[in-house]
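What follows is the residue order along each chain.
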Amino acid sequence: PPDVIAQSDDRDQIRRALATLPATQREAIVLVGWLGLTDAEAGRVLGVSAGAVRVRISRAKASLRPLMEGSPV
């Protein structure tokens, strides 16, 4: 059976880590990573180019990596 407490802890850690990002990076990573939009689709939603979305996601991942080290997520 899934470890509900561990899953809850993981979600909390992800929420806290995402909250540290600038809104522009958080929006891009949520649209593409969680909602499954393409870079171009996310760009249309955000009013920026697909390239700008990729840059925002890259910067977000670089910021999140040290926060998530050691996490099973």
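This text gives an overview of the structure that appears in the document. The shown structure was predicted, so the numbers you read here are calculated from the model rather than taken from an experiment. (Residues numbered from 1 in each chain as written. Predicted model: local features only at pLDDT ≥ 70, side-chain atom pairs only at ≥ 80, totals over all residues. Heavy atoms only, no water.)

Our next topic: the overall build of the protein. If you tally the helices and strands in the protein, you get 4 helices and 0 strands. Reading the secondary structure of the protein in the N-to-C direction produces α-α-α-α. Its C-alpha atoms give the protein principal-axis dimensions of roughly 40 × 25 × 15 Å. Residues counted as buried form 22% of the 73 residues belonging to the protein. Taking contacts inside the protein between residues at least 6 apart in sequence as the whole, the part at least 24 apart equals 50%. Carbon and sulfur atoms form 56% of the exposed surface of the protein, whose accessible area is close to 4800 Å². (Helix = DSSP H or I, 4+ residues; strand = E, 2+ residues; numbered from the N terminus. Buried < 20%, exposed > 50% of the residue type's maximum accessible area, 1.4 Å probe, protein only. Contact = heavy atoms within 4.5 Å. Areas by Shrake-Rupley, 256 points an atom, 1.4 Å probe, with all protein chains shown as cover.)

The end-to-end C-alpha distance of helix α2 (residues 23–34) is 15 Å, a good match for the 16 Å that 12 residues give at a rise of 1.5 Å each. Listed as buried for α2 are Q25, A28, I29 and L31. The arc that holds the buried residues of α2, viewed along the axis, is 165 degrees, so those residues lie on one side. Trailing α2 by a residue or two, G36 shows a phi angle of about 80 degrees, which is positive. (Expected span 1.5 Å × (residues − 1). Arc of directions from axis to C-beta.)

Our focus in this paragraph is the environment of P22. Along the chain, the position of P22 falls in the loop between α1 (4–19) and α2. Each C-alpha atom, one on P22 and one on R56, is 9.5 Å from the other, the two residues being 34 residues apart in sequence.

Another aspect to go through is the nonpolar core. Generally speaking, nonpolar side chains in soluble globular proteins are found buried as a group. Judged by nonpolar contacts, A17, L18, L21, I29, A60, L64 and M68 together constitute the single largest core of 7 residues. If you list the elements that add at least two residues to this core, you get α1 and α4 (50–68). Not counting residues up to four positions away in its chain, the partners in contact with A60 are L21, Q25 and I29. (Core = buried A, V, L, I, M, F, W, Y, C linked by side-chain atoms within 4.5 Å.)

Turning next to the pattern of salt bridges. Enumeration over the complete set of coordinates arrives at 2 salt bridges. Of the charged contacts in the structure, one is a salt bridge between R15 and D12, with a shortest N-O distance of 3.0 Å. Taken together, the positions of R15 and D12, both in helix α1 and 3 residues apart, correspond to about one turn of that helix. Note that D39 is salt-bridged to R54, the shortest N-O span being 3.5 Å. (Salt bridge = Lys/Arg side-chain N within 4 Å of Asp/Glu carboxyl O.)

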